[in-house]
Number of protein chains: 2
Amino acid sequence: MLMSKYDKIKTDISHISQLTKKLAKDDPRRIIHSIKVGFAITLVSLFYYFDPLYQGFGVNAMWAVLTAVVVFEFSVGATLGKGVNRALATIIGGMSGFGAHKLSTLSGNKFVEPFLLGLFVFITAGLMTFMRFFPKMKARFDYGLLVFILTFCLICVSGYRNEEVIEMAHIRISSILIGSSTAAIVCVVICPAWAGTDLHNLVSTNILTLSLFFQGFGLEYFNTSSDINSDDEYKTSIDAINNVLNSKNNIDTLLNYARWEFRHGRFKRGHPWTQYQKIGELARHCACRAEALHGLLYSQVQASNEVKAKFQEPCMKISAESGNALNELSIAIKKMNKPSKAKPHLQKAKQAAENLNLMLKSNIWKNLNLSDVTPAATVANLLADVVSCTEDIAEAVQELASLAKFKDVKDVKVSPQIEKAKLTNQGSTKRRCVANNHVILIEIPSPTSSPRVSVPRDPPSLAMAQQNAE
Amino acid sequence: MLMSKYDKIKTDISHISQLTKKLAKDDPRRIIHSIKVGFAITLVSLFYYFDPLYQGFGVNAMWAVLTAVVVFEFSVGATLGKGVNRALATIIGGMSGFGAHKLSTLSGNKFVEPFLLGLFVFITAGLMTFMRFFPKMKARFDYGLLVFILTFCLICVSGYRNEEVIEMAHIRISSILIGSSTAAIVCVVICPAWAGTDLHNLVSTNILTLSLFFQGFGLEYFNTSSDINSDDEYKTSIDAINNVLNSKNNIDTLLNYARWEFRHGRFKRGHPWTQYQKIGELARHCACRAEALHGLLYSQVQASNEVKAKFQEPCMKISAESGNALNELSIAIKKMNKPSKAKPHLQKAKQAAENLNLMLKSNIWKNLNLSDVTPAATVANLLADVVSCTEDIAEAVQELASLAKFKDVKDVKVSPQIEKAKLTNQGSTKRRCVANNHVILIEIPSPTSSPRVSVPRDPPSLAMAQQNAE
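Chains are numbered independently. Their residues run from 1 in the order of the written sequence. Working convention: letters from A go to chains and numbers from 1 go to ligands, in the order in which they are written. Only residues with pLDDT of at least 70 are given local features in this predicted model, and only at 80 or more are side-chain atom pairs given and counted; all residues enter the totals for whole chains, interfaces and linings. Heavy atoms throughout the structure, all of them, feed into the side-chain values; hydrogens and water do not.

Focus on the overall build of chain A
For step 1, the next point in the chain: Helix and strand counts for chain A stand at 16 helices and two strands.
For step 2, the next point in the chain: Long-range pairs, those at least 24 residues apart, make up 80% of the contacts in chain A between residues at least 6 apart in sequence.
For step 3, the next point in the chain: Just so you have it, chain A exposes about 21200 Å², and 60% of that area is on carbon and sulfur atoms. The secondary structure listing takes helices from DSSP runs of H or I that are at least 4 residues long and strands from runs of E that are at least 2 residues long, numbered from the N terminus. A contact between two residues is defined here by any heavy atoms of the two lying within 4.5 Å. Per-residue and other accessible areas were derived by the Shrake-Rupley procedure at a 1.4 Å probe size, with only the shown protein chains allowed to occlude residues.

This is the structure we're talking about:
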């Protein structure tokens, strides 16, 4: 009995340690973030420990510690947004609270005063709470409105007791400024995690996921028979596509944070962040097609091999070239180049779609049963739809490139070493393929293929969409 | 100049007032919530205003106000979750902080003490911050971990100055308990907004949206020619489907809140909330098919009218019957009945899909061009896929019904008035249809149709997924 309990605890501990390792490995910035939080709070606590600093603030130094704990977020944008919100809301809320306190003392009646103050608190809290429902306020100033209510109520209410309201408001404001700025400085100076960079990478990764799906789809559809179904492969692929489909909330959150960030790395002030939202939406539409195609891959009704053979060439071409175009778009975003390399692939995909259309109009189908043809025709039609989705994405990326002044790819000087590495990489891509219930790595010579970027299975940016809350 | 500025302000004000009206009309609970927040905070402020209550707490009554502001959330589940998190974390954090304080005084050296305390603060803050990355901790105890860091640091740090640490910790804990419980009681007693009910309604509404789409799809596809495209109608329909596609985050958030709620209304303790997540996911898969179908509705390549005429009957049947089945499932969830009424519709849809398959095998296609047939065949194939999606949803709803012990529909006694209203409603459904660039309301006699439930364009539950933050 005791032994089994001991074993259970042992399993639990090993499970937790495995999870910890995985979390840290997926995004090492998590460890850095934890250390940064510890450091910032310890730094602010100094105000308490050392006498000279303590003299000025007294017990109110506590507010600085509280602020540092609450304001420190994973990304720079979130921290700055929260810090600015808290500081501004404290100043405005403090002044309004002081005003309300003065107004209530005008009555000169100690009995009426608490009722007046109560009324002020009730109306302000109610109004501000309702304002938090406005979508635009919610996106940028939700935290500020909450802190406004808080400060207003505290100053207004405690002003009734404490005669030195101005003094108190002043100390509260300066301690909160100290807490906010300590958090912001530590967050920005030590290994900053930028929400903007994460948004940029997330959108690029999403397009890469689509690209990998379409690059592999043709092979999977035309090389496997219907009864082969490797659950593992199925899950990996559909999980990645589902991540893209469910990325809206993540993108929106990162966008809100990115707006608070100043110039950093390759991102200038006024970087067109909203364009990422647009690309993200188009990518989700494309992912919907991928999901539908994936469903057909394992559907019970399959086209006969004879039919598949006829569709194989144009369909594989459409799928692969759409995938290549998306791959180039993803690389162009990632490297901030103009997406000129995607155009030839897109042209080829469109050409293949036209060929397919011509083929459908020819009379090679006369002797075939329509029910045999339909499954493959559906795939073909959806793939043609994917081409137009890819075109839309390419257009949006082009727009981003011109808005953000991405560099022309011809201007980029490639260092000899990178060029060499590229050459050795070129000419073959490894691809996983399902056949006879085994996952096989196939090397396909493809001179048009670009260097592959690996897709992290758990995009780091997911860690950032956390909405901290005190 | 002055005039134009005045006009601008006037427009802005009218815009804001319109938005306010819309927000309030979309979900009147928002107004109630705002009033409740004002009331709860005013209630807690009483501790400050009235002498007998003030004596016990002094300035620490401020913590009660702060807690009430921060803990009060839109839904009961969110408020309870935050309240419990805050209360428990304060108690545990306070005790740990006191322990750390005692440990550091053991050194007996006034010079070493601050360094020891600093080390404790650093390690605890870092560790707890990392723990917030664990998905399970994040979902339920994110706020608790934050408050733990906060309380630990405050007690630990101020303990260095303030000799009466126990007294301080005690007052802080009791004031936070008062704030939390006031917020919780006001939230539960006055017009409570239950996250569980919202989750239930959101999932039911999502299925209803799908149902409306499929009920209308057959009509739209087979009655409009390719060049007619009413942007307005297009937008409404696709927006609703997009809402379903993007509902994951909302459902997950509501699920987390619902777990904190106790028995309420028709929901017993241990209601299988996670099953809603499963149904939500299946609905999103189905919405993906709807999105793909919608894309085909307005795609440039369309089947000829001759071909469409051949596909019309079975495809319209599949679409309508899938829609009806989904409608019945949605109503069954909403009313918490067993979904037995959906089965006949599902059977009919499956039968129609089989008929379609037989038709495809027949030789009526010999003289047709495959490129003319493909678009319609794609639609037919996707619709067949929709039938299997609908089956999956029906299964999941059936599972929910047996887990949550939904009542058998035969047991339900219908009051004469409702029956009468049903009868007058029956036999005709109004449907919007696009033709010649005009949106027309068409009445279609359909004895199988069930009473319609209107789809709110902005589901109220969206208002609840707000993550409040102090």
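Here we look at the packing of helix H12 (residues 274-297) of chain B against helix H15 (residues 370-403) of chain B
Residue and element names in this part refer to chain B.
For step 1, the next point in the chain: Simply put, an axis is a line fit to the C-alpha atoms, just over the touching stretch for a helix, and the angle between two N-to-C directions goes from 0 to 180 degrees. Interhelical geometry of H12 versus H15 gives an angle of 165° and a closest axis separation of 9 Å. Looking at the two axes, H12 sits roughly antiparallel to H15. In this structure, H12 crosses over H15, and the sense of that crossing is left-handed.
For step 2, the next point in the chain: A per-class count over the contact of H12 with H15 returns 18 nonpolar, two polar and five charged. An angle counts as roughly parallel when it lies under 35 degrees, as roughly antiparallel when it exceeds 145, as roughly perpendicular when it falls between 65 and 115, and as oblique in every other case. Note on convention: near helix rotated counterclockwise from far helix by under a right angle means a left-handed crossing. Clockwise means right-handed. Under the convention adopted here, Pro, Cys and the residues Ala, Val, Leu, Ile, Met, Phe, Trp and Tyr are nonpolar, Asp, Glu, Lys and Arg are charged, and Gly plus all remaining residues are polar.

A closer look at the interface of chain A and chain B
For step 1, the next point in the chain: Every contact between the two is made by 92 residues of chain A and, on the other side, 91 residues of chain B.
For step 2, the next point in the chain: Here the quantity called buried area is the accessible surface, traced with a 1.4 Å probe, that two parts lose on coming together, added over both. A buried area of about 8400 Å², summed over both sides, lies between chain A and chain B, and 68% of it is on carbon and sulfur atoms.
For step 3, the next point in the chain: Each reported salt bridge corresponds to a side-chain nitrogen of Lys or Arg within 4 Å of a carboxyl oxygen of Asp or Glu. Run the count over chain A and chain B and you get two salt bridges.
For step 4, the next point in the chain: The partner of B:Arg289 in a salt bridge is A:Glu291, and the shortest N-O contact between them spans 2.3 Å.
For step 5, the next point in the chain: Whenever a nitrogen or oxygen atom comes within 3.5 Å of another N or O atom, the pair is scored as a polar contact, on the condition that within protein one atom can donate a hydrogen and the other can accept it, and that pairs from neighbouring residues in sequence are kept only if both atoms are in side chains. Where chain A meets chain B, there are nine residue pairs in polar contact (both at pLDDT 80 or more).
For step 6, the next point in the chain: No other element matches helix H2 (residues 29-49) of chain A, which puts 13 residues into the side of chain A that touches chain B.
For step 7, the next point in the chain: Of the residues that constitute the side of chain A that touches chain B, the class distribution is 50 nonpolar, 26 polar and 16 charged.

Things to note about the packing of aromatic side chains
Residue and element names in this part refer to chain A.
For step 1, the next point in the chain: Only Phe, Tyr and Trp rings take part, Trp by its six-membered ring, and two of them pair if their centres are within 6.5 Å. Stacked means planes under 30 degrees apart, edge-to-face means over 60, and tilted covers everything else. Counted according to the given criterion, the structure contains 25 aromatic pairs over all chains.
For step 2, the next point in the chain: Taken together, the aromatic side chains of Phe213, Phe214, Phe217, Tyr221 and Phe222 make up a single cluster linked through ring pairs.
For step 3, the next point in the chain: Directly above the ring of Trp260 sits Arg140, whose terminal nitrogen or CZ lies 4.5 Å from the centroid. Note on criteria: charge over ring means Lys NZ or Arg CZ within 6 Å of the ring centre, with the direction from the centre no more than 35 degrees off the ring normal.

A few points about the pattern of salt bridges
Residues and elements named next belong to chain A.
For step 1, the next point in the chain: Scanning the entire structure with this criterion turns up 24 salt bridges over all chains.
For step 2, the next point in the chain: We note a salt bridge from Asp26 to Lys22, for which the minimum N-O separation is 2.7 Å. Of this pair, Asp26 and Lys22 both sit in helix H1 (residues 2-26), separated by four residues, roughly a single helical turn.
For step 3, the next point in the chain: Relative accessibility decides the category of a residue: with a 1.4 Å probe and only protein chains considered, values under 20% of the type maximum give buried, values over 50% give exposed, and everything between is partly exposed. Assessed through its relative accessible area of 28%, Asp26 is described here as partly exposed.
For step 4, the next point in the chain: For Lys22, a relative accessible area of 47% translates into the label partly exposed.
For step 5, the next point in the chain: Residues participating in the shared-partner salt-bridge network are Asp27, Arg29 and Asp198.

Things to note about the packing of helix H13 (residues 305-335) of chain A against helix H15 (residues 370-403) of chain A
All names here are of chain A.
For step 1, the next point in the chain: One way to put it is that H13 packs onto H15 with a least axis distance of 10 Å and a crossing angle of 20°. In terms of their interaxial angle, H13 and H15 are classed as roughly parallel. Regarding H13 and H15, the two cross each other, and that crossing is left-handed. Across the interface between the two elements, Val307, Phe311, Cys315, Ile318, Ser319, Ser322, Ala325, Leu326, Leu329 and Ile333 from H13 touch Asp372, Val373, Ala376, Ala377, Ala380, Leu383, Val386, Val387, Thr390, Ile393, Ala394 and Val397 from H15.

Points about the side chain of B:Thr124
For step 1, the next point in the chain: Within the element layout of this structure, B:Thr124 appears in helix H6 (residues 112-131).
For step 2, the next point in the chain: What B:Thr124 contacts, discounting residues up to four positions off in sequence, is B:Phe148 and B:Phe152.

Some thoughts on the nonpolar core
For step 1, the next point in the chain: Take the buried residues of types Ala, Val, Leu, Ile, Met, Phe, Trp, Tyr and Cys, join any two whose side-chain atoms come within 4.5 Å, and each joined set is a nonpolar core. A:Phe311 and B:Phe311 are the most contacted members of the largest nonpolar core, which has 146 residues in total.
For step 2, the next point in the chain: Those residues in contact with A:Phe311 that lie beyond four places of it in its chain are A:Phe222, A:Leu356, A:Met359, A:Leu360, A:Trp365, A:Val373, A:Ala376, A:Ala377 and A:Ala380.

Side note on a nonpolar patch on the surface
For step 1, the next point in the chain: Patch membership requires over 30% relative accessible area and the absence of a salt bridge. Like charges are linked within 9 Å, and nonpolar side chains (Val, Leu, Ile, Met, Phe, Trp, Tyr) within 5 Å. Residues A:Leu119, A:Phe122, A:Ile123, A:Leu127, B:Ile31, B:Ile35, B:Phe39, B:Leu43, B:Ile185, B:Val189 and B:Ile190 make up a contiguous nonpolar surface patch of roughly 950 Å² in combined accessible area.
For step 2, the next point in the chain: Broken down by secondary-structure element, the contributors of at least two residues to the nonpolar patch are helix H6 (112-131) of chain A together with helix H2 (29-49) and helix H8 (165-189) of chain B.
For step 3, the next point in the chain: Mapping B:Ile31 onto the fold places it in helix H2.
For step 4, the next point in the chain: Judged by relative accessible area, which is 39%, B:Ile31 ranks as partly exposed.

Some remarks on the relation of the copies chain A and chain B
One copy of the chain maps onto the other through a rotation about an axis followed by a shift along the same axis.
For step 1, the next point in the chain: Least squares is used to superpose the copies, and the fit set is the C-alpha atoms of residues whose pLDDT is at least 70 in both copies. Rotating chain A by 180° and moving it 0.0 Å along the rotation axis overlays it on chain B with an RMSD of 0.1 Å. Here the symmetry operator amounts to a two-fold rotation axis.
For step 2, the next point in the chain: When you check the interface residues of chain A against chain B, 99% turn up at the interface there too, and the contact is symmetric in its surfaces.

A word on the side chain of B:Asn381
For step 1, the next point in the chain: Along the polypeptide, B:Asn381 turns up in helix H15.
For step 2, the next point in the chain: Take B:Asn381: its relative accessible area is 17%, and that puts it in the buried class.
For step 3, the next point in the chain: Apart from residues lying up to four places away in sequence, B:Asn381 is in contact with A:Leu296, A:Thr374, A:Pro375 and A:Thr378.

What about the environment of A:Ala394?
Residues and elements named next belong to chain A.
For step 1, the next point in the chain: Secondary-structure assignment places Ala394 in helix H15.
For step 2, the next point in the chain: Residue classification places Ala394 among the buried residues on the basis of a relative accessible area of 14%.
For step 3, the next point in the chain: Each C-alpha atom of the pair Ala394 and Ala342 lies 7.6 Å from the other, and the pair is 52 residues apart in sequence.
For step 4, the next point in the chain: The residues touching Ala394, leaving out its near neighbours within four places in the chain, are Leu329 and Leu346.

Some thoughts on unusual backbone geometry
All names here are of chain A.
For step 1, the next point in the chain: Not every positive phi belongs to a glycine, and Met336 is a case in point at roughly 60°.
For step 2, the next point in the chain: Along the chain, Met336 turns up in the loop between H13 and helix H14 (342-361).
For step 3, the next point in the chain: Residues other than glycine seldom take positive phi values, yet Lys405 does so here, at roughly 50°.
For step 4, the next point in the chain: With respect to the helices and strands, Lys405 occurs in the loop between H15 and helix H16 (416-425).

Describing the environment of A:Asp12
For step 1, the next point in the chain: You can see A:Asp12 is positioned in helix H1.
For step 2, the next point in the chain: Sequence-wise, A:Asp12 and A:Glu395 are 383 residues apart; in three dimensions their C-alpha atoms are separated by 51 Å.

Remarks on helix H4 (residues 61-71) of chain A
Note on helix geometry: an α-helix contains 3.6 residues per turn, so any two residues three or four positions apart are oriented the same way.
For step 1, the next point in the chain: In terms of burial, H4(A) is largely enclosed, as eleven of its eleven residues are buried.
For step 2, the next point in the chain: Along H4(A), the positions that sit buried rather than exposed are A:Ala61, A:Met62, A:Trp63, A:Ala64, A:Val65, A:Leu66, A:Thr67, A:Ala68, A:Val69, A:Val70 and A:Val71.

Description of helix H11 (residues 248-258) of chain A
For step 1, the next point in the chain: Here H11(A) lies mainly inside the structure; eight of its eleven residues are buried.
For step 2, the next point in the chain: The inward-facing, buried residues of H11(A) abut helix H5 (76-106), helix H7 (135-158), helix H9 (195-223) and helix H12 (273-297) of chain A.

Concerning the confidence of the model for chain A
Residue and element names in this part refer to chain A.
For step 1, the next point in the chain: For every residue, the pLDDT score states the predictor's confidence, bounded by 0 at the bottom and 100 at the top. Mean pLDDT for chain A: 80, with 80% of residues reaching 70 or above.
For step 2, the next point in the chain: Under a pLDDT of 50 for its full length, residues 412-470 has, in the predicted model, 132 contacts with residues more than four places off or in other chains.
For step 3, the next point in the chain: Reported for the predicted complex are a pTM of 0.82 and an ipTM of 0.81.

What to know about the state of the cysteines
For step 1, the next point in the chain: Here, a disulfide means two cysteine sulfur atoms that sit within 2.5 Å of each other. Enumeration according to the criterion identifies zero disulfides over all chains in this entry.
For step 2, the next point in the chain: A disulfide-free cysteine, B:Cys315 has its sulfur positioned 16 Å from the sulfur of B:Cys286, the nearest such atom.

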